[in-house]
Structures are given as C-alpha cells and as structure tokens.
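So you can see what is in the structure, the chains are spelled out below.
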Amino acid sequence: MEPDDGLLLPMVNGGENRQRSKRLSTAVERGQMLRLRPGIGIRPETWLRAPRWKQFLLVAAAAAAQDESRIFARETSLALRGIPLLHTPEAVQIRAHGYGRNGRSPVRALTGNADQQTVSAMIRRVLSPQDPQRELWRLRPLPLKRIEAPLPRGISRQQLRQRIRSGQQRIAWEHVAAGPLGRAADPPPGYRVDPLEIALLTAVPAMSWPEAVTVLDAVKRQSMDVDQLVPHWDLLRTGAAERAFLGAWEFADARSESALESWSRAVIHQLGFAAPSLQREIVLPDGSLARVDFLWEDEGIIGEADGLAKYRAGGYTEDPDAERIREKRRQNALEHLGYKVRRWEMRHLRDPGKLAEILHAAGVPRVPHRQLAPAN
C-alpha cells in the first residue's frame, strides 16, 4: 500500500508487533487512527474521505497483509482485478480453508475504545460537519466473510470437504497484481484470488441483471471467450443459474466502454426499448468525428451516459470547465445535423422510471412482446 493510503503495517518480529499494536490502540483511542484489522490501522482522513468501494479495497488489502495465504473469492476477487461492480459487497469474501469456519467474522468497531466525544472531534477535524452523528455511517466496518470452496454438480459438500482435507483436491487460486491501491505487505505485491472463470460462474448468477451485464461486458473487453468457462461449467449447479449466466453472457458486449454504459444498456433492455447501436462515429460539420455512446439511427436519437467523474479534475487532461465547453460544442454540432441528443446520469439508472421518461419523450421506440430480462 502506498504511504498516502495511511496504513500502519504489521511487523514481522513478535515483540515489535506487540509494541506496535499497543501504539496503534493508543492512537485509535485518541482519534488519530482507525483500526481496519488487528494490528493494522489507517489514518481517519484516508478512510472517511474514501468512497465505499475504496474502503472495501482497503479492507481487502489489510486482510491480505494479515495473512498472505488468504484467497479472495467471488465478487471480491472480481473487484481486486479491477472489474467494475455496481454495488459494493457488504463483506470482503475469502475462501474458507477448513470445515466449520464459514460465515462472517466478528465485526470490530474501527474506532476501538475511543469515546463518543473523541469520535465526534475526529469527524469534525476530517470532514468539518455541523452534526458528526450524521456522518457516523462512514465509520461502518466491513467484515470478512468466509466461503467454502465452490461446489460442482455431482458431488456433495461433505465429499468435497473430505477431498480437501485429504489433499485430493486443493482450493484453486491465482495471483493478481495489486493494482492502483497497492498492497499492504511485501513481498509479494498482489493477491491470491479465485481463478476468473470460477469467480464468474459462482458470482454472476446471483447478481442483478444490470450488474451481471456490467461484469461480463468488462471481461469481454478483456477478450474472454466462453470456451474458457467450459471446463468449470459444472459450477452452475442448477438450470436457473445456467440460464441466468447464459442470458447475461449472450447480452454482454465488449463495445460498452464503461460501467455506466453497461448499466444503461441493461436498463434500456429491461424497460423494453429498442436496442441502440453502440459507439457509433458521426462526421461533424467541421469534418471531425464524434463517437456517441448510443444511437437509434432510424429515429435520429443519440443517448449519452454521463458519469460524475467525467467533469472532475483528473478525469480528463483538460480542466473540468474546458471539458464542459467542449461537450456543449459537440452537442450543438450533433443537433445541427438534426440529431436529438439526450443525456442521463447515475441517478436516472437508480430510478429506471426516470430514464424511461427521457427515452419515451425523445421518441425511442419500444419493442413489443419481447422477452425481457428480469427486473431484479
């Protein structure tokens, strides 16, 4: 983990570990640090200002620092690969090494034994809120959740446990690099995670339709082929799981360039609107090309999914104001050609009825009698 991420790392020597753990406890009680995992702290500034998805990755990094043999499972293994999830899991998932150790670990307060006055002062110092009580949700800890090895068809859980205990079968894993957040311990830099095929076949069938499409769009952008999944196909234990996975896989499209575009496309489909063309290039009056997210060509309608990060400093090489001006000029040029340009944001996807209003008002046609994806 980079120093800016504020982790207090565990020491190798036992005596030093105990001393450092004591110093960490003192710092936590004073509101100077938060405790992510036993022996591992983080600066309050880093944690309180981080979005939930980054907090999730920080806890995973701390868990890896505690025990390098941990294998991260399912959605957690996808997130550590940089595959986007629409919703941050409520627990960091790891593979259980033995029988009887499944389920969530006890959740310890990040603030340890610090009193309420100290916690409130810490929140005010970092966030400057009028009412610290309203910001306590930012201090919600993330537990570890142990999950047994994936169970294929044709074998009972007891049989699989016996095979693992006897050494006939091992829990599969592969190594991935640490990515932009770095690692909390060296060596080696990275994580043990479910093989990608196993993570997909065990996690995707339980996801909502938009999240499953978002994940599979991302892996298709990495040129993954369904043939790579075939050796593990027996992990889809039921017909319902197989149908859920195949439906999302067949709908997934590598041309979706972001999680927001994937989410949009999935919701458009659920709402029953005609499928748009993706990433189409349009020649503008000055001869330049504009590539649009979605195009309903017969109706002359362009759809653009605007992420919150689009206009933030750092999202582009230009400053945010310059980017807004450029986008406005681009939209004016498209409208000069006769296109109707409609934009939406994440809030419209969280409330699909609002997106339906935008598309209906623009004149996007609906597809009659189509078998729609589930609305979960």
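Each remark here, short or long, concerns the structure printed above.
Residues numbered from 1 in each chain as written. Predicted model: local features only at pLDDT ≥ 70, side-chain atom pairs only at ≥ 80, totals over all residues. Heavy atoms only, no water.

Time to look at the environment of Leu284. With respect to the secondary-structure elements, Leu284 resides in the loop between strand E10 (277-283) and strand E11 (289-296). When its relative accessible area of 11% is taken as the criterion, Leu284 is described as buried. Separated by 49 residues in sequence, Leu284 and Ala333 have C-alpha atoms that sit 6.3 Å apart. (Helix = DSSP H or I, 4+ residues; strand = E, 2+ residues; numbered from the N terminus. Buried < 20%, exposed > 50% of the residue type's maximum accessible area, 1.4 Å probe, protein only.)

Bringing the nonpolar core into the picture now. Counting 34 residues, the largest nonpolar core has Leu36, Trp47, Phe72, Leu139 and Tyr191 as the members making the most contacts within it. Put simply, the parts of the chain that give this core at least two residues each are strand E2 (34-37), strand E3 (40-42), helix H2 (44-48), helix H3 (52-66), helix H4 (74-80), strand E5 (92-95), helix H5 (116-127) and strand E9 (191-193). If one sorts the elements of this core by residue count, H3 sits on top with 10 residues. In contact with Phe72, not counting residues within four places along its chain, are Ala60, Ala63, Ala64, Ser77, Leu80, Val92, Gln93, Ile94, Tyr191, Arg192, Val193 and Asp194. Core analysis: the next-biggest nonpolar cluster, separate from the first, contains 29 residues, Ile83, Leu200, Leu229 and Leu236 among them. (Core = buried A, V, L, I, M, F, W, Y, C linked by side-chain atoms within 4.5 Å. Contact = heavy atoms within 4.5 Å.)

Our focus in this paragraph is the sheet that holds strand E13 (residues 340-344). Strand order in the open sheet formed by four strands is E10-E11-E12-E13, with mixed pairing between adjacent strands. The two strands at the open ends of the sheet, each matched to only one other strand, are E10 and E13. For this sheet the average axis-to-axis angle between neighbouring strands, irrespective of direction, equals 50°. In terms of strand pairing, E10 meets E11 through six bridges, oriented antiparallel. Bridge assignment links Ser277 to a residue of E11, and that residue is Leu295. Its contacts with the sheet place helix H10 (residues 259-270) against E10, E11, strand E12 (301-305) and E13, and it is angled at close to 30° to E11. In the packing of helix H13 (residues 352-362) onto the sheet, contacts are made with E11, E12 and E13, and the angle to E13 comes to roughly 180°. (Pairing = 2+ DSSP bridges. Axes fitted to C-alpha atoms, helices over the stretch in contact; angles between N-to-C directions.)

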